[in-house]
Amino acid sequence: MIYLSQMLGLPVVDSEGEQVGTVNDLGIATGEVFPRVTSLAFVGPGKTPFMISWRKYVEDFDGDAVRLKVPATDIRFSYLQPEEVLINRDLMNKQIVDTRGLRVVRVNDLKLSDSGSSQLRLLGAEVGARGVLRGLSPRLESLAVKVGRVFGHELPERIIAWSYMDLLDRELSDVQLNVSHKTLDDMHPADIADILEQLDPRLRGQVFAQLDDVQAAEAMAELDDDEMAAEIMDEMNAADASRMLSEMDPDDAAELVSELDYERAETLLRLMGVKEERAIRQLLGYREDTAGRIMTSEFIDLRPSATVADAIGAIRTVDEDEIETVNYIYVTDDDRRLLGVLSLRTLLIEPMGATLSSIMETDVICADPDDDQEDVAEAISKYNLLAIPVVTDERRIVGIVTVDDALDVLEEEHEEDLQLAGGRTDSDPDRPTHDLRWLLGSQLWFFFWVVGAAVMSAVGSALGLGAGTLAAAVALPVCLLMADDMVGYVVGFFIEFDPDDEDAPSSGAFVVRGVAIACVYLALVVLAAAGFAEIVPETPVTQALVDGFWAAAAAALVSYGSAPAYLKALRVKDGRGEDVSRLSLRMVALAVAIAVFCAVALALLGMQG
């Protein structure tokens, strides 16, 4: 096998042995499973670009040169055909979609067939490290492979076959890659959304522009990043964006519109149909993070006198694109007050002439439009529902929350809890863990210890306290670790208990439990310090060390005593829908611990002096 990187720069020699230029690209016909090379592009004297037919003029090629069948005087130059692309210009170092692995990758090299004849075919793209190394130097690639084998780690080729490639950068060529374009159209919207999230903004817009309105709407609804979705909407033509919104489910459309600025949102809503605009505006009228905001207003409801046959007929007349999910038939009166519900299974097993009022379930689990969306999602999970009706105080049904929206809510809450607890989430699975940021996060107390010791030393020198300040700073990690532990205690309590949870301990119990934890730790520390003072002869340095432990005890008590303030801050932020990172809480807690420690330790050292 040979690679494009090995051919670039090879001399092009005519039949008389005269060099007429150097290879700088190859043209391929895209409409084949393994595209054949149809054109040779080379740079002639004076860096003049030329292109000739591969089949007509190329005799053979090897690792040294590309040899032509005719003398230079008989060459007739050609042009790139509509179904052709230049693989160095249009594929190398470009982002492509691996439609089999459903991921975005970068082409580092291109693998060509080596059949021993003058015909070449493109087999696929090299997207691994070997392509990068080969581009730098074939010897470097060979060395890396040998070193890997010595250490028992193979450095494999990572080849994506042409049939699984989709060229994204369409502006480089007017050619539509038929095979790959078809596979992109056939992808599930969730897979398209995953690919869009991996692309840079320019290519993201190009791929999105290839989708029809229905595909675009479904893929947009699957995007996890709301800001990214809003950016795509801002870049779209207003008419196209409005038309796409109309194709989306009302709850998804409302969520997206809420991310846009007011003027842009109003423009898009006014361009929509009256029915779609009304549905979205109704949902936008509810507060964020409530059932009303994630419900869909599209559902099937019938009167009690309707029969099973009427219900089945109603389901058959509904366009599948208009109803997000039809798992239940809701029975309502003339004012649309909810009376009961029937599952599709019930409709299938009951007689066609049975009235809905005689077979409906009247004990219906419902949600209020202002209920917290997490509570609604948990209710759907608890009772194994596929949807839950949302009703007003007068029991008038205004929408339903479906299981897919409930799963999205639970996933978001789970990721927020993981982030707050300092864990990793699936949204960033490839983030390196042993980098500086990870070190700062996991060993934050150590950096604060260094800073605290420096502050103690500087202030002690200014006050003439001598080496005692550094001796006292030896105890600083005690209060820092306890302050860090306090943040973990608060975060764990916040995640486990809601403010209105009946099983949640009272604020007083929360404080008492925290202080009790601190006292147990501190008792052990004080005993250790007292034992140390008994064993070691009393000197200014040992006395300063003991003073440091007393200062650490005071700082730790302050840390746990202030735990309710951190809990309240978390709940206030959560009520506003604002995110709070565990790292920021830890930094505040450690800074407070250092301030208290320094104040107490310096006061005790001053008294000793």
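Residues numbered from 1 in each chain as written. Predicted model: local features only at pLDDT ≥ 70, side-chain atom pairs only at ≥ 80, totals over all residues. Heavy atoms only, no water.

Along the backbone of the protein there are 28 helices and 19 strands. Scored against the burial criterion, the 609 residues of the protein give a buried share of 44%. Here the contacts in the protein between residues at least 6 apart in sequence split such that 64% fall between residues at least 24 apart. With an accessible surface of roughly 31100 Å², the protein has 54% of that area assigned to carbon and sulfur atoms. (Helix = DSSP H or I, 4+ residues; strand = E, 2+ residues; numbered from the N terminus. Buried < 20%, exposed > 50% of the residue type's maximum accessible area, 1.4 Å probe, protein only. Contact = heavy atoms within 4.5 Å. Areas by Shrake-Rupley, 256 points an atom, 1.4 Å probe, with all protein chains shown as cover.)

A word on the packing of aromatic side chains. What the rule picks out here adds up to five aromatic pairs. Ring pairing ties together the aromatic residues F42, F50 and F77, which thus form one cluster. (Phe/Tyr/Trp six-rings, centres within 6.5 Å; stacked < 30°, edge-to-face > 60°.)

This part takes up the pattern of salt bridges. Considering all chains together, one arrives at 13 salt bridges under this definition. Here D484 and R586 are joined by a salt bridge, their closest N and O atoms 2.7 Å apart. With D484 in helix α24 (residues 476-496) and R586 in helix α28 (residues 582-608), this pair connects stretches of sequence that are 102 residues apart. Of the residues examined, D484 reaches a relative accessible area of 14% and is grouped as buried. For R586, a relative accessible area of 9% translates into the label buried. Among the charged side chains, a salt-bridge network with shared partners connects E266, R270, E277 and R281. (Salt bridge = Lys/Arg side-chain N within 4 Å of Asp/Glu carboxyl O.)

Note on placement: F50 falls in strand β5 (residues 49-53). With relative accessibility at 23%, the residue F50 sits in the partly exposed group.

Note on placement: L110 falls in strand β11 (residues 109-112). Take L110: its relative accessible area is 0%, and that puts it in the buried class.

Moving on to the pairing of strand β4 (residues 37-43). Burial analysis of β4 places six of its seven residues in the buried class, which makes it a mostly covered element. Here strand β3 (residues 19-29) runs beside β4; their pairing, made up of six bridges, is antiparallel. The residue bridging G27 from the neighbouring strand is S39, located in β4. Two strands pair when backbone bridges link them, and β4 and β5 are joined in this way by five bridges, in the antiparallel orientation. From the neighbouring strand, V43 faces β5, where its bridge partner is P49. Counted along the chain from β4 to the antiparallel partner β5, the turn is five residues long, and its residue G46 has a positive phi close to 70°. (Pairing = 2+ DSSP bridges.)

So, on to the sheet that holds strand β16 (residues 328-332). Ordered by their spatial adjacency, three strands build an open sheet running β15-β16-β17, and the pairing between neighbours is mixed. The open sheet terminates on both sides in strands that have one partner only, identified here as β15 (301-302) and β17 (338-343).

Membership of the largest hydrophobic core comes to 55 residues, with the highest contact counts inside it found for F208, M220, M233, M244, L245, Y330 and V401. Examining the composition of this core, we find that five residues originate from one element, helix α10 (residues 226-235), more than from any other. Excluding its chain neighbours within four sequence positions, the residues that come into contact with V401 are A291, I294, M295, V376, I380, A387, I388 and V390. Membership of the second largest hydrophobic core comes to 44 residues, among which are L444, V478, L480 and M482. (Core = buried A, V, L, I, M, F, W, Y, C linked by side-chain atoms within 4.5 Å.)

All right, on to helix α19 (residues 373-382) then. Along α19, the residues that are buried comprise Q373, E374, V376, A377, A379 and I380. N-capping of α19 is provided by D372, with a side-chain oxygen placed 2.8 Å from the backbone N of E374. Of the residues one or two after α19, N384 is the one with positive phi, at around 55°. (Polar contact = N/O pair within 3.5 Å; in protein donor to acceptor, adjacent residues only side chain to side chain.)

Between helix α12 (residues 250-257) and helix α14 (residues 274-284), the least distance of the axes is 9 Å, while the angle of their chain directions is 65°. You can see that α12 and α14 cross each other, and the crossing is right-handed. Facing α12, whose interface residues are P250, D251, A253, A254 and V257, α14 presents A279, I280, L283 and L284. A per-class count over the contact of α12 with α14 returns eight nonpolar, no polar and one charged. (Axes fitted to C-alpha atoms, helices over the stretch in contact; angles between N-to-C directions. Left-handed = near helix turned anticlockwise from the far one by under 90°. Nonpolar A, V, L, I, M, F, W, Y, C, P; charged D, E, K, R; others polar.)

On to a nonpolar patch on the surface, then. Together, V132, L136, L140, L143 and V147 make up an exposed nonpolar region whose accessible area comes to about 440 Å². For the nonpolar patch, the element with the highest residue contribution is helix α5 (residues 138-150), accounting for three residues. (Patch = residues over 30% accessible without salt bridge, like charges linked within 9 Å, V, L, I, M, F, W, Y side chains within 5 Å.)

Next up on the list: the state of the cysteines. All chains considered together, the criterion is met by zero disulfides. Free of any disulfide, C598 has its nearest neighbouring cysteine sulfur in C479, separated by 8.4 Å. (Disulfide = S-S within 2.5 Å.)

Orientation of helix α13 (residues 262-271) relative to α14, taken along the N-to-C sense of each, is 145°, at an axis distance of 9 Å. Taking contact as the criterion, the partners of E266, L269 and R270 in α13 are, on α14, E277, I280, R281 and L284. Taken together, the residues that form the contact of α13 with α14 break down as three nonpolar, no polar and four charged.

The next thing to look at is the confidence of the model for the protein. Here the protein averages 78 in pLDDT, and 78% of its residues register 70 or above. Confidence over residues 167-182 falls short of pLDDT 50; this stretch has 45 contacts with residues more than four positions distant or in other chains. Counted against residues more than four places away or in other chains, residues 423-439, with its pLDDT under 50, gives 13 contacts. (pLDDT = per-residue confidence, 0-100.)

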